[in-house]
Structures are given as structure tokens and as C-alpha cells.
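This is what each chain is made of:
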Amino acid sequence: MDLKLSYLSPLPCLSPVCSMLKPKNFITASITPYRTRVVKDRQKHSLTPEKHEVFKSMEGWVEENMLVHLKPVEKSWQPQDFLPDLSSDDCFDEISDIRAHAIDIPDDYFMCLVGGMITEEALPTYQTMFNTVDVVRDVTGMDPSPWGVWVRAWTAEENRHGDLLNKYLYLCGRVDMRQIEKTTQYLIGAGMDANIENNPYRLFVYTSFQEKAAFTSHANVAKHATRYGDARLAKMMGAIAGDEKRHESAYAKAVEKLFDLDPDTTMRELADMMRARITMPGRMMRDGADPDLYGHYAAVAQRMGVYTTGDYVDIVEHFIGRWKVGEVAAGLSSEGRRAQDYVCGLGARMRRMEQRAREGAGKKAAVAAGIRCSWVFNREVKL
């Protein structure tokens, strides 16, 4: 089967098709408690010297078209805007209000919320990934180039997401924070391999998809919070989703620009990323108890409608349309045209796979299993 569905941050391949989606070029090495994955035959630094010049030439464009998607710090929301002021006399009333609204929210919702928060908390891994990429990395840690400014400022904006969710979860009293903190430590320690080959063409394809998926997931979590009557939580998740939307716009613009400057390479790298399966940031989650924590998290998110197979196909079709992949005509080699055909056919093929997965899931619904999740004090959560 040529088609391989890929499910993106913050969620993974979802349960009906998980067995078909294990990367073939990974082997598990149990030499560390972080379950480090050893990648065989991974290409590195695949960008040629002439392609370096493409990104060097984009610096002025980045200044005018990407940095504008960042918000000044003084105009940005901060976690404290949504949380009780512990210096105030009525802070305990506010904390009681958070706990009262959280008490009737189901555990499966909290499993989705915690999984998203842990993925956000692994931000050091994502900044590290950026800084392994040729040309666009922050070389000195204080690089004044537009690329360096973007990497640092994007990280600073993203940092607020995990901070806010962590504090909310701590105050609401519904989750086992020690188990959650362990999971975050495991995840950061494990790292990730996004299969980008230190290549910025691949990086911007990856980040476009990741930010769109993160927006979708956080927005759906916000909708659930509204249905549960928790306006504060809904507002928090809406603010985070808004950031992800802005960041998605910046990365998607970068890919659009690359299609203008170098359509053949961009087309081939896009197809390659889709064939190779985009690696999910949280795929290495573990809590020391559940051997398939990430898969179970994904299954619950699928059932809850937080992030589904259909959402992923929507994202694929969105970018095929936004980048006008099917309309690219000039500048494509024969390999580029084959890549174009592959990408343009993805949506229909994925819809067929999604339908078969749904039918299979329906047949198994009567025997749906549950798992005990350490994040919610080992209470059982239905898959």
C-alpha cells in the first residue's frame, strides 16, 4: 500500500489504522529510560550549496512577511491573565471556582487536555529541531538575522501555552500532576526525529502541518469546554489556538514563497514528507506505566472528536488548495511532476482509507476497551 496516513501534532495516528503506520526505518533501543529511537540510514544535511542561497535571499522577505505574524510582548496575553491572582484577597474563591467547574468534566476530556499540554511543554525539543536546520537556524543564540529572530520569538510565544495549561491543571485538582510531570520529562529526554534532514524546505512543510493540527486540536478542546460550561477554560484554549493559527499562517506563507522561488524542489520535498509520514512531536510519550500511552491518548482524542482522521485529511486538502499544488506548471522536472501527481491524489485516497477505518471501528465498537490512565489517578478511560 503506497498511501500512508500521517497524524500530526499534537496527536498521532489514530487507533483504527495504527497497525499500518509503524515507521519501517526505526528500531527501538532500550539502553536508556527514554526509549531512544535509533534511526537507520537517515539522510542529513541534504540541502545543496545553491539551495542555501535560496534561503539567504529570503531574509528581507522574512522580515516583511513572517515577523509580522509575531505579537509584541506588551500586546500579548500572558498566562496570568487567565489565572487567579494569588496576591489578592479573593484568590481562594477563584481557585474554588476553577475546581467547581472542573469537577463534572469527564476524565477522557482531561486525558486530551493533558496530552496537548505535555506536547506543548516539550518546547525545548522543537527549538532544538529548528537550530539543527541549515541556513535558518539561530547560529549564535542571539543571531540578528530575521531567521534567528523568528526562531527565538516563536519559541517565546509558544512557551506561554504549556505554562498556562500546566498552572490550570495544577489548580483544578482533577489530574495527577506528578505523573504528568514525569511524562513531560520522559518526552523531552526522548527527543524527536522529524525526518527533515536539516533541510528548511522540509522544516516549513512540517511546521505548517503541525501548527494547523495544533490549532484544530486546541480549538476542539475549547468547544468541548464551552459545552461543559467552563468559560474560563474555553477562553484559555481559544487564546492558545489563536497563536497556533498565526504561526500556521507564517509557515504556510514560507512554503508559498518557496513554490515561487523553487517550485521543483519544494514539490519534491512536500511529496517526500508526505510519503515518509510526518513524525508527531508527542510520539515518544511515556509515563513509566502504560506501554502504549501515546496510542491510547490518540484513541481517546479520536473518540472525543478532539483530533480525528477526518481532521488530518482536511488539513492535507487545505494545504494542497492553499499552496495551489495542482496549478504549479512552470519549473517542474519530470520528478517534480510525478511528485505533484502524488500529492494531488492524496486527498481522495485518504478519504477512502478514512472510510474503511471508520467501518472497521464501527464493527469493533461493541467490544470497546478501556485503559487506566495515570494522568487521572489511574481511573479507567474508554478508548
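None of these values were measured; they are calculated from a predicted model.

Parameters and conventions
- Residues numbered from 1 in each chain as written.
- Predicted model: local features only at pLDDT ≥ 70, side-chain atom pairs only at ≥ 80, totals over all residues.
- Heavy atoms only, no water.
- Core = buried A, V, L, I, M, F, W, Y, C linked by side-chain atoms within 4.5 Å.
- Buried < 20%, exposed > 50% of the residue type's maximum accessible area, 1.4 Å probe, protein only.
- Helix = DSSP H or I, 4+ residues; strand = E, 2+ residues; numbered from the N terminus.
- Contact = heavy atoms within 4.5 Å.
- UniProt positions renumbered as here; feature names shortened; annotations may be inferred.
- Salt bridge = Lys/Arg side-chain N within 4 Å of Asp/Glu carboxyl O.
- Axes fitted to C-alpha atoms, helices over the stretch in contact; angles between N-to-C directions.
- Parallel < 35°, antiparallel > 145°, perpendicular 65-115°, else oblique.
- Left-handed = near helix turned anticlockwise from the far one by under 90°.

It is not clear to me how the nonpolar core should be interpreted in this structure. Could you clarify?
The nonpolar side chains of a soluble globular protein tend to be buried, and buried together. In this structure, Phe55, Tyr168, Phe204 and Phe209 are the most contacted members of the largest nonpolar core, which totals 109 residues. Looking at which element gives the most residues to this core, the answer is helix α9 (residues 231-261), with 13 residues. Residue contacts for tyrosine 168: discarding those within four places in its chain leaves Leu83, Ile98, Ala102, Phe110, Leu113, Asp230, Leu233 and Met236.

Explain the UniProt feature "binding site: Fe cation 1" (unreviewed entry) in the chain to me, please; I cannot follow it from the model alone.
Taking the UniProt record as the reference, the feature "binding site: Fe cation 1" (unreviewed entry) is found at Glu120, Glu158, His161 and Glu244. Look at the named residues: they lie 125 residues apart in sequence, but the longest C-alpha span between them is just 11.1 Å, so in the fold they bunch up. Its location among the elements puts glutamate 120 in helix α4 (residues 107-121). With relative accessibility at 9%, the residue glutamate 120 sits in the buried group. Excluding residues within four positions of it along the chain, glutamate 120 makes contact with Glu158, His161, Gly162, His218, Ile240 and Glu244. With respect to the element layout, glutamate 158 can be found in helix α6 (residues 146-172).

Whenever I open this one, the pattern of salt bridges confuses me. Can you help?
Here the structure, examined in full by the defined rule, presents 20 salt bridges. Where lysine 51 meets aspartate 262, a salt bridge forms, and the shortest distance between an N and an O atom there is 2.7 Å. Of this pair, lysine 51 sits in helix α1 (residues 49-56) while aspartate 262 is found in the loop between α9 and α10 (263-276), placing the two residues 211 residues apart along the sequence. In this structure, glutamate 197 engages arginine 202 in a salt bridge whose closest nitrogen and oxygen atoms are separated by 3.9 Å. This pair shows no difference in class: glutamate 197 is buried, exactly as arginine 202 is. Linked by salt bridges that have partners in common, Glu157, Arg160, Asp243 and Arg246 make up one network.

For this particular structure, what's the right way to read the packing of α4 against helix α7 (residues 177-190)?
Here α4 crosses α7 at 45°, and the two axes come no closer than 9 Å. Relative to α7, α4 is oriented oblique. Like other packed secondary-structure pairs, α4 and α7 cross with a definite hand, here right-handed. Note on element contacts: α7 touches α4 through Ile180, Thr183, Thr184, Leu187 and Ile188, opposite Val114, Met117, Ile118, Thr119 and Glu121.

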